[in-house]
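# Observations on chain architecture
So you can see what is in the structure, the chains are spelled out below.
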Amino acid sequence: TLTGNGATSYTWDNGVTDGVSFNPTVTTTYTVTGTTGGCSGVDQITITITPLPVANVTSTPTVNICPGINVQFDASTSINTTGYNWSFPQGSPSAASSTISNPLINFGVAGIHNYAVVVTNSCGTDIFNGQVTIDVCTGIEDLNTNSSLGSYYNHINNNIELSMINIEKGEYDFVVVNTLGQHIMIEKLSVTSADEHQSIPFTIEARGVYFIYIFNSKNKYDAKFFK
């Protein structure tokens, strides 16, 4: 609302009526002419408009991303932005703990991972929701030692059947992940021979593709199965 003072009547440019609110959309300088009798005076005021932010995100790389590979996110091309608040529910960091424009994130398991960033300025917010796909990749251990991890789902007894050839003996973490990147099962697995078969109960009812990871501090092996 623009209101003149010091005169009897006021005439504004740009369609403004003295003392009546209006909604400017761009930064504009407004001129008022105040009149008293046969005398007049002129004054000006500039109203500065701060546009709402517009969120935009790019990421690198975009294809052939293996578990453990860092993904560089960049929201610096967002418009009219002064603040960032990222969320990576299935990545590292695992919570909305990054407030920079270009966080570097590691997704440790295969699947489709959701992320979001809320950009802000003094007038409001905007949000960008995206996804990044992490592929199932053959580990370098498999290439160097002719080792292999095979798996399939046994519908008769509801087991995951594992076939492990030339996998280094030892204790491993055993993780099953769905295509959303959610950890469905986490257990311990002991490998005791160079040619080993194990059956692991799997009672999850949802049908689809599941990814398997067995790993310890020295080795990691990947596989997948269909239910």
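Below you will find a few notes about this structure. (Residues numbered from 1 in each chain as written. Predicted model: local features only at pLDDT ≥ 70, side-chain atom pairs only at ≥ 80, totals over all residues. Heavy atoms only, no water.)

Turning our attention to the nonpolar core. Among the nonpolar cores identified, the biggest contains 20 residues, and L149, I160, L162, F174, V176, I212 and I214 are the most heavily contacted of them. For I160, the contacting residues outside a window of four places in its chain are Y152, F174, V176, Q198, S199, I200, F202, I212 and F225. Formed by 16 residues, the second largest nonpolar core is a distinct cluster that contains A55, I65, A75 and W86. (Core = buried A, V, L, I, M, F, W, Y, C linked by side-chain atoms within 4.5 Å. Buried < 20%, exposed > 50% of the residue type's maximum accessible area, 1.4 Å probe, protein only. Contact = heavy atoms within 4.5 Å.)

In this section: the packing of aromatic side chains. All chains considered together, the criterion is met by 15 aromatic pairs. An angle of 75° between the planes, with centres 5.2 Å apart, marks the rings of F202 and Y210 as edge-to-face. The residues F202 and Y210 share a single accessibility class, namely buried. Pairwise contacts between aromatic rings join F73, W86, F88, F107, Y115 and F128 into one cluster. (Phe/Tyr/Trp six-rings, centres within 6.5 Å; stacked < 30°, edge-to-face > 60°.)

Here the largest pocket is characterised by a volume of approximately 190 Å³. Listed by contribution, the elements that provide at least two residues to the lining of the largest pocket are β1 (9-12), β2 (28-36) and β3 (39-47). Per-element tally for the lining of the largest pocket: the top contributor is β3, with five residues. Class assignment of the residues belonging to the lining of the largest pocket gives a composition of seven nonpolar, six polar and one charged. (1 Å grid on protein atoms, 1.4 Å probe; cavity = no way out; pocket = protein on both sides within 12 Å on 5 of 7 lines; lining within 4 Å. Points joined across faces, edges and corners; volume = space filled by probe spheres on them. Helix = DSSP H or I, 4+ residues; strand = E, 2+ residues; numbered from the N terminus. Nonpolar A, V, L, I, M, F, W, Y, C, P; charged D, E, K, R; others polar.)

Read these as layout, nothing more, since geometry by itself doesn't imply function.
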